[in-house]
Structure formats: C-alpha cells, structure tokens
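These are the residues of each chain, in order.
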Amino acid sequence: MVRVPLRIFAGMCLTIALAGVPTSAAQPPDGVTTLLRRLQQAAAAGDRSAVLALGDPQISLPSFAEFANTLTAPPPTRVVVTERDRAPLDGGTLRLVVEIFTERGIEGRLGTWRIDARPGDAAVDPWRIAAVTRLSVVTGLYRLALDTATEYDIHELVVRAPDLTIEMPAGRAFMASTTDGPTAMVLLGRGRMKFSPPDPAERTQIHILSGRDDLVEEIDMAFLRLSPYQFASVVDSNALKPRAVDPSDVRSAVSVFNDLAPRSLQIDLSDISRDRWSLTPSFGDVIAELRTKKFGTLTYARSGSEPEDINVFDRKRRRNISIYTSAAKLAQRGRFYSEDDHLDYDVLAYDIDVQLNPERILIDGDARMKLKILSDGTSSLTLKLAESVAVRGVYSPDFGRLLHLRVVGQNSLIVNLPEVLSAGTELWLDVRYSGPVTPQAFDREAIQVGQSQNQQEQRIEIPLAPRYLYSNRSYWYPQSTVTDYATATIRITVPSEYDAIATGQPVESPTLPAGGGDAQRRRKTFVFEASRPVRYLAMIVSRFNRLDNMRITAGSSDVSLYLQATPRASVRGRETSDRLTAILKFYASLVGDAPYPSFTLALAESDRPGGHSPPYFAVLDYVVPGSTFVWRNDPVSFENFPAFFLAHEVAHQWWGQAVGWKNYHEQWLSEAFAQYFAALYAEKDRDGSPVPNLLRQMRRTAIDASPNGPVYLGYRLGHIQGDDRIFRAIVYNKGAMVLHMLRRLVGDEAFFSGIRAFYLQWKYKKAGTDDFRKAMETATGRDLQRFFDTWIFGSTIPRVKFSYRLSETEATVRFEVPDEAVEVPITVTVTYDSGATENVVVQLADKHTERTIPLKGRVRTIAANADNAALVEIDH
Ligand SMILES: [Zn+2]
C-alpha cells in the first residue's frame, strides 16, 4: 500500500504524478508490449480465462489466479496497463514493473505489479507471464463529480468539527458522493463560521488576525470534505430538503466545486487517466473551505495523521493562522511530540557525488543513502528532493531498480519497495537525479534591512562575487522528510574557477582532472567527510580563497579551522581568524567539547548583512563598501559589539546542529542558546564587563514583542503579520534572557553543569524544552516546572511593584507581584552618596518578597532591575 502523505499545509494540495520513470512508449512495439496490450484487452473485457491464458504453463497458479481475479472481478469499465520499467533476467526473461489502473464506474484502483515476462520457445510463440508479484496498491480513488440533479434547501444547518462551528440558516446545497455515500458538499448562502481554539497562544494568533479571540466571520459559501462513513453524523439530514434544481444555483455550485475540489486529496494520474481522481478523507478528518468577506477563503483542516491535527490557513497568502493539537489527541499523546515520532526510516549515512554548473544552476547528482527501517510493514519510503530535478533512477543493491513517484507541487519522492520490510532492516538506496536547483538566500539569520533614503536614488550596482548556497531549504539531495542525523561523504565537482565548501572536513586538495582545453571546461572536485552525525548537508560554491588553516585545541578536542573568503571579503581575514579561534575555544571551555572535528568559516560578499550556519561550517556576509543597505533597528543587531553575529553563528555548531530540536516549537533551543552564548562571549571579550545596552535591547525588544505569544510558538511569531523581527525578538532575545534568568536563579556552577549535561545527553539528537528542564532539574535539584511555564510556555511579562524603606543601618526592599507568583531574580542596586554602588540579587518566588540589605553609608537611591537582567516591568 502506498502511504500517501496527507500533509496539508498552506497552499499545498496532494497531487501525485505517476511520471518520472521512463516508459517504453517511445520504443517500437515488441513481444512485451504485445503481451501487455493483450493483458489490457483481456482485463477490460472482464475475461478471467483470457488473462489466465497469457500465463506460462509453469506459472505458480495461486498468485496468478489472484492476479486475474483482481483485474476482472467485478468487470471493470476501463483498464490501463502501463509499463514503467524493464530489466533483463537470465534466459531472455524480462522483469517488468507495470502499473495497472482499473476503473469501475466512478471508483479507481491503481496497482503496481512486478511481472516476469518470458519469450516464447519459437519465433512465432508469443511472450508469456512467468511470475507476478503485487508491489503496491492505491484504492479508494474516486472520480468525484457534483450531483447537479439533486439540489437541497438548507434549513438551520449546523456543522461541527473540532473547535469549528459552521452555521447556515438558509441557502442551497449540492453534494458529491463515492459508492459509500456523500463525501463533498457545496453550501451556498449567508452563514457564519466560528473557530475557537482553546489554547491561549492560539487565541492570541486569532486576535492578531481578527481583533477577537475567536474567529467569527460571515461566510457566503462553504465547501466540505468528509469521510462518507462520517457524513451522516456530522451533517443533519433534517436540515437538507430536496428541491427543484435551479440552473443558476448549479452554475454557482459547479464553479465552487471545480475551483476547490482539486485543492486537496487530489491524485494526478498523468498518462494513465486525464480525469481528476480524488482520495477520500480518513474517518475523523475534515476539510472545510470557508469564503469569508474579510479574509477571502480560509481553510480549516482536521487531519488525524498530523501531530498538530487542527490547522486553519490562508492558502492564498501562504500563512498558517492556527495550528495545534486537538484536545482529543492531546489526551491520547500528551503535551510534547517530536517530528521523529512514527517515522518509517532513519538515514544512517550518505555518500554523495554532485556536479554543479553554477551559471545554469544545474545539479547532476548520485546520492547513495544507507537507511534503517523503523516501522514494521514499511513498503514505501517518502523522501524529499527538489521538484525541479528529474529523477533518473532509484536503485537498491538488494532489490534492483525501484519504482518511484513524484508528488506534484511538492519536493517529494516516493519510492516503492518490492516487499514489505520490518523494523531494523538496513538497506542502501541509490538515487540519480539531474536538473536545475535554485540556490537559497542566507535567510536563516536574515537581518531586516532597509535602504537608506538619501542613497536610494543614486544606488550603484556593486559587482559581487556570485555565490550559490544549497542547504536545508533547497532539497538539493534526497533526504528524509525531517532533519535526520547521518554521517556523510560529499564529492562536489565545479568548474575550476570556483571553490566549494560543504558539510564535513575537507579531506583532499581539489583535484584537477587531466585533459581539459578550451572545448572542455576544466573542473575540480572537492571532497568532504562528515564523520560525526549532522542534521543536514549544505554546500556553498563561490570564488573563495583559503586564507588560513590551523589546528586548535578546544576543550578536550582538536579542531581544524579553515578560513576562506571571496576576494573582497579577504580584507577581514586576519581579525576574523583571531576572533574565530577565541570564540571556538571559549565555547568548548563552557561545554567541555567541540562537536565536530573541523570548522570552516566562509566570508562571502554581499550588499546586505546575512549569515548561515550549517553543520561543520558557517558563511557570513561581508557587506562591501558602498552598499546602500543599512541595518534597520533590528532586535538582533547589536551595534556595540559587531562580532556578536559571528559569535552567534559559530555557537550554532553546538546549539542547533549538534543538539537539534524536536519540532518548530523547540527552535529556541537553537536560537536562544546561540544568542546567549554570543552574549557570554561578548562579555568575556570585554573582560567580564557587560556590553553596553545589550541586555537593555534584548529586554526591550522582548517585552515589546511579547503580546505576540510565547517563545514556544517558534516560527509562528510574527508569521501572520509577515514580520520576522517579532520572531527574533522573542525566540532569540527573550529566549536568551530566559537562560540568563535561569543562570541567576540557580547559580553559575549548577547552570553550566546543567548545560554540559544537557549537551552531552542530546548531542546528535533532537531535544525539547522538557528535556532541557529535566537536565537542569537534575543539575540543580530544584523543580523548574513553574519557571519554564512562565517564561517559555507563557507570554505574560510580569509587573512587579517595588518599594523600599530605610533605617540607619539597613534598607528593606519589598517586591509585590499582583498577578501570579513568578520565579525571577532581580538585581537591587544601592547607590550611596559617595557615588559607590552595590548590587544585591533578590530571588522572587512568592507574591511578596522582602529582603533586608545592610548599608555601608548614606543612601542616595535604590533601584530595581537597573541592569535589565529581569524580564519584568517594575512599578514604583
Ligand atoms: Zn541563529
């Protein structure tokens, strides 16, 4: 059974194309095509004995009889037999991969079969089927059509799905059915939708969109998809009364149906059938397209196979408005999940050869992957690979050439296995592919940039060294559907004027193949070896020079450092090299380890700042003089410490790469940790004195952005508004401040030993907030649940009332928290008349906290949180 990926995401629909494997259509008819044509005719006629007559006398009868039955009973209305692949076996026998599509009325069934075809003994003898094995089958395909002969009047119709109510007091309805009952419905009329997620963070997102916590909108159309088995329980039949068909209603309904039905659960059978074939929703799944006045058509989807099974999105703007786990699923699964849950396979190792033609952005690849099957009964594998490349073949040493499918509009590659594999099985796959792949921007750490007004008109085009980045968003090699730790060997061949940097340690100097000359461009090959597991593979190709190469001792490990730069960026070489060494040594001293045995820093040139930090290397943009782009007030641009950005990128080798994150909610374990480590480095670089304004800027931007939601919302912070500064303010800056507060709460020793334990436990694995909490609880012996609830899962910025009383010898400071008690350390700064200051950290844990401070002289003033180290608002 082909497991079809029913992932529904903004703007995507499921459309599978059964193209990609070359067919024999172009070849002249031969014995095999004649055999398959006869098979098609016999099956289409429903003639079982004619199918059986095509078999070799020695064929194993049970399997062949089952094959004949499947094709002919009940008699089909149409059959299409398509050869997808053939390979020679001994004695002139050919092993074919054949797709057989059988239509019975509106129902379709697509079977993939392995057929061994044997030539006849004499020249005139026809070819015969010697063996047949079913590889996979897709059932439940329907050619859905709106029933325009039956129209209904709507009377007080109410449709309920988890957290969604659709009401339509009056209107007209049409349906489309499978043989099991109705599965689609078009509702025309004035009505109302109400979407009420229970989760506070989701309600905040709805508020950002609509100004209210519930999404209550007038609608004038709804399109529903449901399982036919569930239709009766969801749609009250008393609310629908058949009526005379009105041709203008039919026109409106057909137009809605034709527009919306293809957007989900659709299969494109390309050369097999020109009709539109639809999958049926699973029991419990619902898709509702709702046309609102204010927001256009919004899509609600409940898909039980997704970890966050409720999703409201705007296809047109490609925005996820709300996505979360339903109450029913939460009760069953618990609060936390990993994107690795329920995976079918794990990639253990890669061995990849790619040739890149940079000017034409053409990649020619041969990727060998070692996989381990994780679930029993796995019969197909879904991989990711850029849709723009053509897959020339998928091979396995154990199974030979494998059938593969591509999903239209998605970077997916589905590989069918010839047999069902059980958990623990290891196999190699070899995927050969070629085609254009668009390089990605350095958008991972993109800084919001704006052009300065006065220079805008006289902007000069600055010639920049071209650079091509292929990383975690370009699907330039076949990979798992999620990031997946694996080791790798990568060989990259580029024209000789280019250089390549990739994930892994450079293992040889580039080789220049002999020959060449004008006609054949000279090329060189770079080899990289990632001996430790990496989450994904990346490469960048540009005109780099190697500026420096050294070995340093970082913590308990030796690390080879490479510094490369494009010609214009080379001016930054020396200072960067010294910085890089200092940063790496410092981080290794904090964590006690360096995760990868080598690190390459590539300085590229650009007219705007940016960076990217895949495993084993980082690229940083050197902004060339004359750039007209300026940093707009970005939350993560710290002007008092320009090396902050480099320090952040380098920290990702530990946080984000070596220690990964379980799903998008947990991204702060990468970004906030990198941000906090950069802040620690900045402080160390200044001999322990804080960087002016750093905490102030972190605190201010975090507080300002806080109404958008908790750290735990990940990429969705600012997503609805399309403003990723909000994401950086919360996930980077608030997250870093949470780590700072935690450190001040538990003390340096416990904090850093907790960090080291967390790193060691989760190195080369994906971690979650709860895993970090447990590591810190073990290191500190304290219950930290409330701390994480407040700061990571909650978005409230506590208001704290501060007052103090003075006596001759002591000051009594008092904090009051009007709302819920929070755990937060706050610095009290006593300033004496002499100008001397004294800092005392007060730990708040209750609603009232009082602390007595012995005085050393006459007091001028006492202030709370003057160092900005607490993420609270102080009221006096
Ligand atoms: Zn980052």
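In this text, all values refer to a predicted model and were calculated from it rather than measured experimentally.

(A) Inspection of the packing of aromatic side chains at higher detail. In total, this model carries 36 aromatic pairs according to the counting rule given. Taken together, a centroid distance of 6.4 Å and an interplanar angle of 90° make the contact between F336 and Y712 edge-to-face. With F336 in the loop between α7 (327–333) and β17 (345–357) and Y712 in the loop between α12 (694–705) and α13 (724–746), this residue pair connects regions lying 376 residues apart in the sequence. A relative accessible area of 12% means that Y712 is categorised as buried. Pairing F586 with Y587 gives two aromatic rings, centres 6.1 Å apart and planes at 45°, and the pair type is tilted. On the accessibility criterion, F586 (13% relative accessible area) is buried. Between the NZ or CZ atom of R335 and the centre of the ring of F793, over which it lies, the distance is 4.1 Å. Over the aromatic face of Y475 sits the side chain of K384, whose NZ or CZ is 5.3 Å from the ring centroid.

(B) Region of interest: the pattern of salt bridges. Under the defined criterion, the tally for this structure stands at 61 salt bridges. Among the ionic pairs, E103 bridges to R78, the shortest N-O distance being 2.5 Å. On the criterion of sequence distance, the pair formed by E103 in strand β3 (residues 94–104) and R78 in strand β2 (residues 78–88) is long-range, its members being 25 residues apart. Residue E103 is classed as buried on the basis of its relative accessible area, which comes to 3%. Of the residues examined, R78 reaches a relative accessible area of 33% and is grouped as partly exposed. For R263, the salt bridge is made with D259, and the minimal N-O distance between the two is 2.8 Å. Its relative accessible area of 29% is what places R263 among the partly exposed residues.

(C) A look at the side chain of S471. By the element assignment, S471 lies in the loop between β26 (468–470) and β27 (486–495). Among the polar contacts listed, one links the side chain of S471 to the side chain of N472, at a separation of 3.4 Å.

(D) Summary view of unusual backbone geometry. In this structure, P74 follows A73 across a cis peptide bond, with omega equal to -10°. Assignment of secondary structure puts P74 in the loop between α3 (61–72) and β2. Although it is not a glycine, R318 adopts a positive phi angle of roughly 50°. Along the chain, R318 turns up in the loop between β15 (310–314) and β16 (319–324). Its relative accessible area of 45% is what places R318 among the partly exposed residues. Of note, the phi angle at H342 is positive, near 65°, even though the residue is not glycine. Note that H342 resides in the loop between α7 and β17.

(E) The arrangement of the packing of helix α14 (residues 748–762) against helix α15 (residues 769–780) in detail. For the pair α14 and α15, the least separation of the axes is 8 Å and the interaxial angle reads 135°. The orientation of α14 relative to α15 falls into the category oblique. Judged by the twist between their axes, the crossing of α14 over α15 is right-handed. Contacts between α14 and α15 pair A750, F751, S753, G754, I755, F758 and W762 from the former with D771, F772, A775, M776, A779 and T780 from the latter. Classifying every residue of the contact of α14 with α15 gives nine nonpolar, three polar and one charged.

(F) The arrangement of the sheet that holds strand β21 (residues 400–402) in detail. The eight strands are arranged β21-β20-β24-β18-β17-β27-β30-β29 in an open sheet whose pairing can be described as mixed. In this open sheet, the two strands that pair with only one neighbour each are β21 and β29 (505–506). Alignment of β27 against strand β30 (residues 523–534), held across nine bridges, turns out to be antiparallel. Paired with V494 across the bridge in β30 is K524.

(G) Local environment of helix α1 (residues 31–44). Between the first and last C-alpha of α1 there are 20 Å, a value that for 14 residues agrees with the 20 Å anticipated at 1.5 Å per step. Turning to α1, its buried residues are V32, T33, L35, L36, L39, A42 and A43. Of the surrounding elements, those touching the buried residues of α1 are α2 (48–52), α3, β2, β3, β4 (107–118) and β5 (128–142). Near the N-terminus of α1, the side chain that reaches the backbone nitrogen of V32, with its oxygen 3.1 Å away, is that of D30. Taken from the residues just after α1, G46 is the one with a positive phi, measuring 70°.

Rules used throughout
- Residues numbered from 1 in each chain as written.
- Predicted model: local features only at pLDDT ≥ 70, side-chain atom pairs only at ≥ 80, totals over all residues.
- Heavy atoms only, no water.
- Phe/Tyr/Trp six-rings, centres within 6.5 Å; stacked < 30°, edge-to-face > 60°.
- Helix = DSSP H or I, 4+ residues; strand = E, 2+ residues; numbered from the N terminus.
- Buried < 20%, exposed > 50% of the residue type's maximum accessible area, 1.4 Å probe, protein only.
- Lys NZ or Arg CZ within 6 Å of the ring centre and 35° of its normal.
- Salt bridge = Lys/Arg side-chain N within 4 Å of Asp/Glu carboxyl O.
- Polar contact = N/O pair within 3.5 Å; in protein donor to acceptor, adjacent residues only side chain to side chain.
- Axes fitted to C-alpha atoms, helices over the stretch in contact; angles between N-to-C directions.
- Parallel < 35°, antiparallel > 145°, perpendicular 65-115°, else oblique.
- Left-handed = near helix turned anticlockwise from the far one by under 90°.
- Contact = heavy atoms within 4.5 Å.
- Nonpolar A, V, L, I, M, F, W, Y, C, P; charged D, E, K, R; others polar.
- Pairing = 2+ DSSP bridges.
- Expected span 1.5 Å × (residues − 1).

Geometry only, nothing functional implied.
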